Amino acid sequence: MCGVFGVYGHKEAAALTQLGLYSLQHRGQESAGIVAIDENGRGRVSRAMGLVSEGFADAEMAALLGPIAIGHTRYSTAGSSTIENAQPILARVRRGHIALAHNGNLTNAVELRRELEEEGAIFSSTMDSEVIVHRIARAQSESPEGRVAEALAGVEGAYCLLVVLDETIVVARDPHGWRPLVMGRLADSVVFASETCALDIVGATIEREIQPGEIVAIDRQGMRSIRALPSAPINRCVFEHVYFARPDSKVFGGSVDRSRRALGRQLARECPAPGAQVVFAVPDSSNSAALGFAEESGLPYELALIRNHYVGRTFIQPTQSGRDAKVKVKYNPVREIIEGKRVVMVDDSIVRGTTTRGLVSLVRGAGAREVHMRVSSAPIISSCYYGIDTPRREELIAAQMTHDELTRHLGVDSLGYLSIGGMLSAMPDGPEGYCHACFSGRYPTAIPSEPELLRAGSAAGVSVGL
Ligand code: AMP
């Protein structure tokens, strides 16, 4: 998972990019970076581990001059969380420079990297994205967009790319359209972002989505859009709407808040909880779905779990061992709401099940009489190879247990998941054109031949800048 943001044609391009990255922080918290290109075509980069708020010293920001900038927030698996793997990448090449920020996950990166290494290419990171930089550097086409198209021919998997080639910004979205990418306007400048909430923060208006398979270039000659990539069925990621994107964004043309509410309403229809007295969310990602559940079921919606906002995903493990301790650092129940009640707890997804198990024990500890778990997505049974950091199938709890086993394991009185059909019917433009491989196991393309090499930490491997 990652967030990308770019600006063309604004004298404060880097400052705007920093603002945009704040709004894309939820898409990646491990590292953040900005590349700016000045009036003389000189590129400068600033990258740091950690959050956007921690990453850019004033002096560094002041040095990021020029009218073009691209930025990136990164989330990957633990092993590859190093500064070498922070983006954007800035490389000096024969004809000038290439800067690149990537959201997605290439499925044939291992093969492409081997090919390049056999030809003598030297890599400075283990990121799959670096493969694209090498391929752009070798491309022979005249135009910048032609070079990007040439580089992407043969690259498989998910990508939303922001590339700067000298003084041209080129953006590309893979033909399947797994990840979102939008274009906006801010006076005479053009802005690109993974999600519309990042356009809002800089005051840009939404112009349109970059279409699957589209490449757009902007430079002094103007804006050009080309369709040079092979066409493919559309497979937008349903999990963006279920969990990943912010509810104040429009993703794939539709409001995430509206789709999450629809998921919650559909969940209440498919898996009601008769006799329950109160509904609450596991904040924050399931707030909207729990509201939908409450609306449909007519139950009161309460804020029964309080989340500590100062604890990130990568918080230091408490010395106290055990799952409950880990969950307790992040959540605390409000006893006054829960005590003596039959409660419905809504979450958007169960991955390994550790969070849910810990939460159920907290909620029971706060005196709940019955706990009915409702999940606003289908069971996650397969890994994602297109940009979401789902663990291996062996670690996916719903792939390892029957429904009854899982109900017992989580310690709930009942467990209800949304059906795949119900989940897809809640998408803004209906059920067609979505990838649901993590829920159905039906991968729309060939999956990596050596998935373990794509995971982080392997010296020989390529890690993915999700
Ligand atoms: P667990 O079942 O303990 O692995 O955690 C499930 C929780 O993690 C749910 O509350 C989700 O909101 C959240 N979640 C779902 N997918 C991811 C992901 N790829 N990375 C981090 N958190 C996730």
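Right above here is the structure, for reference.
What counts and what doesn't
- Residues numbered from 1 in each chain as written.
- Predicted model: local features only at pLDDT ≥ 70, side-chain atom pairs only at ≥ 80, totals over all residues.
- Heavy atoms only, no water.
- Helix = DSSP H or I, 4+ residues; strand = E, 2+ residues; numbered from the N terminus.
- Contact = heavy atoms within 4.5 Å.
- Pairing = 2+ DSSP bridges.
- Axes fitted to C-alpha atoms, helices over the stretch in contact; angles between N-to-C directions.
- Phe/Tyr/Trp six-rings, centres within 6.5 Å; stacked < 30°, edge-to-face > 60°.
- Buried < 20%, exposed > 50% of the residue type's maximum accessible area, 1.4 Å probe, protein only.
- Lys NZ or Arg CZ within 6 Å of the ring centre and 35° of its normal.
- Salt bridge = Lys/Arg side-chain N within 4 Å of Asp/Glu carboxyl O.

Draft legend 1. The arrangement of the environment of valine 216 in detail. Mapped onto the elements of the fold, valine 216 is located in strand E12 (residues 215-219). With 52 residues separating them in the primary sequence, valine 216 and alanine 268 have C-alpha atoms 42 Å apart. Once residues lying within four places of it in the same chain are set aside, the contact partners of valine 216 are Ile169, Val170, Val171, Arg208, Ile210, Met223, Arg224 and Ser225.

Draft legend 2. Summary view of the sheet that holds strand E2 (residues 31-37). Taken together, seven strands build an open sheet; the order of strands is E3-E2-E4-E1-E10-E9-E11 and the sheet is antiparallel. Bordering the open sheet on either side are strand E3 (43-49) and strand E11 (205-209), each of which pairs with just one other strand. Pairs of neighbouring strands in the sheet enclose a mean axial angle of 15 degrees, with direction left out of account. Docked against the sheet, helix H1 (residues 13-23) engages strand E1 (2-8), E2, strand E4 (68-74) and strand E9 (182-186), running at close to 25 degrees with respect to E4.

Draft legend 3. Quick look at the packing of aromatic side chains. Inspection of every chain in the model, using the stated rule, returns seven aromatic pairs. Ring geometry for tryptophan 178 and tyrosine 386: centres 4.0 Å apart, planes at 15 degrees, overall stacked. Note that tryptophan 178 is positioned in the loop between strand E8 (168-173) and E9 and tyrosine 386 in the loop between strand E22 (370-375) and helix H14 (397-400), a separation of 208 residues in sequence. Here tyrosine 386 falls in the buried class, since its relative accessible area comes to 1%. Each ring, one from tyrosine 243 and one from phenylalanine 244, has its centre 6.2 Å from the other, and the planes form 20 degrees; the classification is stacked. With a relative accessible area of 21%, tyrosine 243 lands in the partly exposed category. Phenylalanine 244 sits in the buried class, given a relative accessible area of 3%. Joined through ring pairs, the aromatic side chains of Trp178, Tyr385, Tyr386 and Tyr443 make up one cluster. Cation over ring: arginine 113 sits above phenylalanine 123, and NZ or CZ is 4.2 Å from the ring centre. Its guanidinium or amino end placed over the ring of tyrosine 434, arginine 236 lies 4.2 Å from that ring's centre, counting from NZ or CZ.

Draft legend 4. The arrangement of the sheet that holds strand E17 (residues 278-281) in detail. If you trace the five strands from one edge of the open sheet to the other, you get E18-E17-E21-E22-E23, paired in parallel fashion. Two strands close off the open sheet at either side, each with one partner strand: strand E18 (301-302) and strand E23 (414-417). Pairing geometry for E17 and strand E21 (residues 342-347), over four bridges, is parallel. Considered in E21, the bridge of alanine 281 is made with valine 346. Set on the sheet, helix H9 (residues 256-270) makes contact with E21, E22 and E23; between it and E23 the angle comes to about 125 degrees. Across the face of the sheet, helix H13 (residues 354-365) comes into contact with E17, E21 and E22 while running at roughly 155 degrees to E21.

Draft legend 5. Inspection of the pairing of strand E13 (residues 222-226) at higher detail. When E12 meets E13, the two strands line up antiparallel, connected through five bridges. The residue bridging valine 216 from the neighbouring strand is serine 225, located in E13. Counting the residues that bridge the hairpin from E12 to E13 gives two residues.

Draft legend 6. Up close: the pattern of salt bridges. Taken as a whole, this structure holds 25 salt bridges when the rule is applied. The closest approach of N and O atoms between arginine 113 and glutamate 117, which form a salt bridge, is 3.1 Å. On the criterion of helical spacing, the pair formed by arginine 113 and glutamate 117 is a turn pair, its members being four residues apart in helix H4 (residues 109-118). Assessed through its relative accessible area of 8%, arginine 113 is described here as buried. In the salt-bridge network here, residues are joined through shared partners; they are Asp257, Arg258, Arg261, Arg265 and Glu295.

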